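One letter stands for each residue in the lines below.
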Amino acid sequence: MSLDVSPQLLAEAENGEVREQDFVETVRTSLPYAYSLIARLAAELRSGTAEFADNQTPPPSEKERGQLLRALSSDAIRGSLERHFGIALAFQNCHRVAAFRPEARGGETHARFTSVRAQVLNQSPEFRDC
C-alpha cells in the first residue's frame, strides 16, 4: 500500500522540505480508513475524561486493515498524524489502536497498554494472519 503522491507534493519533496499539512492531506486521501479512525479516536479522547480512546473493532476488509497497518508502521505517517491530531498513538494488534494525550506517553496507563503483558493478553488465533 503506497501513498497517492500528487505531482505537486513530489516536486515539493524534490525541491526541499515537505509541508507537513500537505503530507497529512496526502495521508488523508490515500489512507482514508486509517485517517478517519485516528480522527475519531482523537475526537473521543478530547471530548471525554478517559485516559485513552481505543478501537477494538476489526476493519471491514483487508483493504482497510492494510491502510491501518501502513499508517502505523511508517514513522513519518504515524508521527505526522500524532502531531496533526495532538495525540500519542499506541498499537497492539492489527486493529487495536489507541489515542493518548501526549503527556500520558510513558505514564502508568500508557506503559500498561504498551507492555509485553498487554500484548500477550491481547492475542487470539484470528489475529495470526492479520
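Within each chain, residues carry numbers counting from 1 in the order of the written sequence. Totals for whole chains, interfaces and linings use all residues, but because this is a predicted model, local features are given only for residues with pLDDT of at least 70 and pairs of side-chain atoms are given and counted only at 80 or more. In computing side-chain properties, one takes all heavy atoms of the structure into account and sets aside hydrogens as well as water.

A few points about the packing of aromatic side chains
So, point 1. Working definition: rings of Phe, Tyr and Trp (its six-membered ring) pair if their centres are within 6.5 Å, and the pair is stacked with planes under 30 degrees apart, edge-to-face with planes over 60 apart, and tilted otherwise. According to the stated counting rule, one finds 2 aromatic pairs in the structure shown.
So, point 2. A ring pair is formed by Y35 and F85, whose centres lie 5.3 Å apart and whose planes are at 55 degrees; its orientation type is tilted. Taken together, the residues span a long stretch of sequence, with Y35 in helix α3 (residues 32-47) and F85 in helix α5 (residues 75-85) at a distance of 50 residues.
So, point 3. The class of Y35 is buried, set by a relative accessible area of 14%.
So, point 4. In this structure F85 comes out as buried when scored by relative accessible area, which is 14%. Helix and strand labels come from DSSP, where a helix needs a run of H or I of at least four residues and a strand needs a run of E of at least two; each type is numbered from the N terminus. Only protein chains enter the area calculation, which uses a 1.4 Å probe; residues under 20% of their type maximum are buried, those over 50% are exposed, and those in between are partly exposed.

Brief notes about the packing of α3 against helix α4 (residues 62-73)
So, point 1. Orientation is described by axes fitted as lines to C-alpha atoms, over the contacting stretch for helices, and by angles from 0 to 180 degrees between their N-to-C directions. Packing of α3 against α4 brings their axes to within 7 Å, and their N-to-C directions diverge by 70 degrees. With respect to α4, the element α3 is oriented roughly perpendicular. The hand of the α3/α4 crossing is right-handed. Residues P32, Y33, A34, L37 and I38 of α3 pack against E64, Q67, L68, A71 and L72 of α4.
So, point 2. Think of it as three bins: nonpolar holds Ala, Val, Leu, Ile, Met, Phe, Trp, Tyr, Cys and Pro, charged holds Asp, Glu, Lys and Arg, and polar takes everything else, Gly as well. Split into classes, the residues belonging to the contact of α3 with α4 amount to 8 nonpolar, 1 polar and 1 charged. With respect to orientation, any angle under 35 degrees is reported as roughly parallel, any angle over 145 as roughly antiparallel, any angle of 65 to 115 as roughly perpendicular, and every other angle as oblique. Should the near helix be turned counterclockwise from the far one by less than a right angle, the crossing is left-handed, whereas a clockwise turn marks it as right-handed. Contacts are assigned to residue pairs with any non-hydrogen atoms lying within 4.5 Å of each other.

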